[in-house]
Amino acid sequence: MRDPRHLPYPGALVEITQRTIQGRFLFRPSRRLNALVVGCLARAQKHTECRVHAVAVLSSHFHALASFDTVEQMARFMCHLKTNLSKEVGRLHDWESSLFDGRYRSIPVSDECEAQEERLRYILSQGAKEGLVLSPRDWPGVHSANALANGEPLRGVWIDRTKLYAARQRQGTVGEREFTIEEELELAPLPCWEPIDEQARRERVEVMLRRIEREALAMHEKAGTVPLGTTAVRRRQPHERPTRRLVRSPKPRFHAASKRVRDRLIEGFREFVAAYRIAAERLAAGDLQVTFPENCFPPRLPFVEPAVGIRFT
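Structure report, in brief. Here the residue index of a chain counts from 1 through its sequence in written order. Reporting in this predicted model follows two pLDDT cut-offs: at least 70 for local features of residues, and 80 or more for side-chain atom pairs to be given and counted; totals over whole chains, interfaces and linings ignore these cut-offs and use all residues. Only heavy atoms go into the side-chain values, all of them from the structure, while hydrogens and water stay out.

Focus on the pairing of strand β5 (residues 154–159)
Throughout this description, buried means an accessible area under 20% of the type-specific maximum (1.4 Å probe, protein chains only), exposed means over 50%, and partly exposed covers the range between. A run of H or I in DSSP counts as a helix once it spans at least four residues, and a run of E counts as a strand once it spans at least two, with each numbered from the N terminus. Most of β5 is tucked away: 5 of the 6 residues are buried. Two elements, β5 and strand β6 (residues 180–185), share 6 bridges in a ladder whose sense is antiparallel. Note on β6: the bridge partner recorded for R155 is E184. When DSSP finds at least two bridges between two strands, those strands are taken to pair.

So this is what it looks like as structure tokens:
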């Protein structure tokens, strides 16, 4: 049995990562794709009323940093987002197969300011740390670097496919324009930054970005390379797969700045999983009155055996 989704406390910060199927470049940046991705993110945010803090969408995967009150809210957010991204990106790139490589990866982040800032810096570094661009500000796809540093809005579009379909059933050929709505993704401050004013938050992001740029420059100088560049990134074919083998590193259970906090979170998770599995075993044995731990999805009910000797004709 896979470990159940878990949040250590309501409002927990979570880092979410999702890769495209086989690492294909189905999120290759373009003006149209960027607008659709931001529109889907904004709609999922409004639909679930969660808080999104940062996002970076590379050609083969995306990262998001968001806060959720419950596991159910996180599941609804990702279900809404992945469903609509699959439809819009699949339609854009003529891709009829699955868009994503299995389940999304969610890693809760502790309430330590150091841990939350480190995960924000990691997401801000996307694009530069891979050697694609020298600065995250230059990434041609969806990225929150400029939005967090300069207040530049992240705007996209949402196409109301339900109304568009109904209109086409009545009138035949109808364009998408009148059913296209402009959406803006609202970025909330990190939980640990909420007491800080907006200007101070921007200054901290600016410091992070400068550090990322220095590290990227040092990496290229040491290796004797140059960034791939935005032109080469845009020339990638969406159905193309990476030439190098995908690296699948084991995910940490939590992101924490200190061993003490990490051990505390892991211990709480182990107690949660133990209670969940005991309840699941009782449910499988036929106890329908069993109580599961709070903030989780219980497994489906056990199979009901047919009565002996009954036949239906």
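Some remarks on the sheet that holds strand β3 (residues 61–68)
Across the sheet, which stays open at both edges, the 4 strands sit in the order β2-β3-β1-β4 with antiparallel pairing between neighbours. Two strands in the sheet have a free side with no partner beyond their single neighbour: β2 (51–57) and β4 (105–109). Neighbour-to-neighbour, the strand axes of this sheet turn through a mean angle of 15°, independent of strand direction. Of the strand pairs in this sheet, strand β1 (residues 12–19) and β3 are connected by 8 bridges, and their pairing is antiparallel. Along β3, the bridge assignment pairs A12 with F68. Strands β1, β2, β3 and β4 of the sheet are contacted by helix α3 (residues 113–124), whose axis makes an angle of about 150° with β3. Each axis is a line fitted through C-alpha atoms, taken for helices only over the stretch in contact, and angles between the N-to-C directions span 0 to 180 degrees. In this description, contact between two residues means that some pair of their heavy atoms is separated by no more than 4.5 Å.

Observations regarding helix α8 (residues 259–284)
By this rule, a helix spans an expected 1.5 Å times one less than how many residues it contains. Taking 1.5 Å of rise per residue, the 26 residues of α8 would be expected to cover 38 Å, and the 37 Å separating its terminal C-alpha atoms lies within 8% of that figure. Those residues of α8 that fall on the buried side of the exposure criterion are V261, L265, F269, F272, V273, Y276, A279, A280 and L283. Two residues or fewer after α8 comes G286, characterised by a positive phi angle close to 110°.

Topic: the side chain of R121
With respect to the element layout, R121 can be found in helix α3. The class of R121 is buried, set by a relative accessible area of 13%.

Some points on the nonpolar core
Within the largest apolar cluster, 37 residues are counted, with the highest numbers of intra-cluster contacts made by F27, F68, F77, L81 and L85. Membership of the second largest hydrophobic core comes to 22 residues, among which are A54, V109, A128 and W193. In plain words, nonpolar cores are sets of buried Ala, Val, Leu, Ile, Met, Phe, Trp, Tyr and Cys residues tied together by side-chain atoms within 4.5 Å.

A word on the packing of aromatic side chains
The geometry of an aromatic ring pair is captured by two quantities: the separation of the ring centres and the angle between the planes. The rule is short: rings of Phe, Tyr and Trp, with Trp giving its six-membered ring, pair when the centres are within 6.5 Å, and they are stacked under 30 degrees, edge-to-face over 60, tilted in between. Evaluation of the coordinates by the stated rule reveals 7 aromatic pairs. When the centroid spacing of 6.1 Å and the interplanar angle of 45° are considered together, the rings of F27 and F100 count as tilted. In this pair, F27 sits in the loop between β1 and α1 (31–48) while F100 sits in the loop between α2 (71–93) and β4, placing the two residues 73 residues apart along the sequence. In terms of burial, F27 and F100 fall into one category: buried. Summarising the aromatic geometry, the rings of Y276 and F292 are spaced 5.4 Å apart at their centres and angled 65° between planes, so their arrangement reads as edge-to-face. With Y276 in helix α8 and F292 in the segment after α8, this pair connects stretches of sequence that are 16 residues apart. Here the two residues Y276 and F292 agree in accessibility, since each one is buried. Of the aromatic side chains, those joined through ring pairs into one cluster are F27, F62 and F100. Positioned over the ring face of Y122 is R119, at 4.6 Å from the centre of the ring. By definition, being over a ring means that NZ of Lys or CZ of Arg is both within 6 Å of the ring centre and within 35 degrees of the ring normal.

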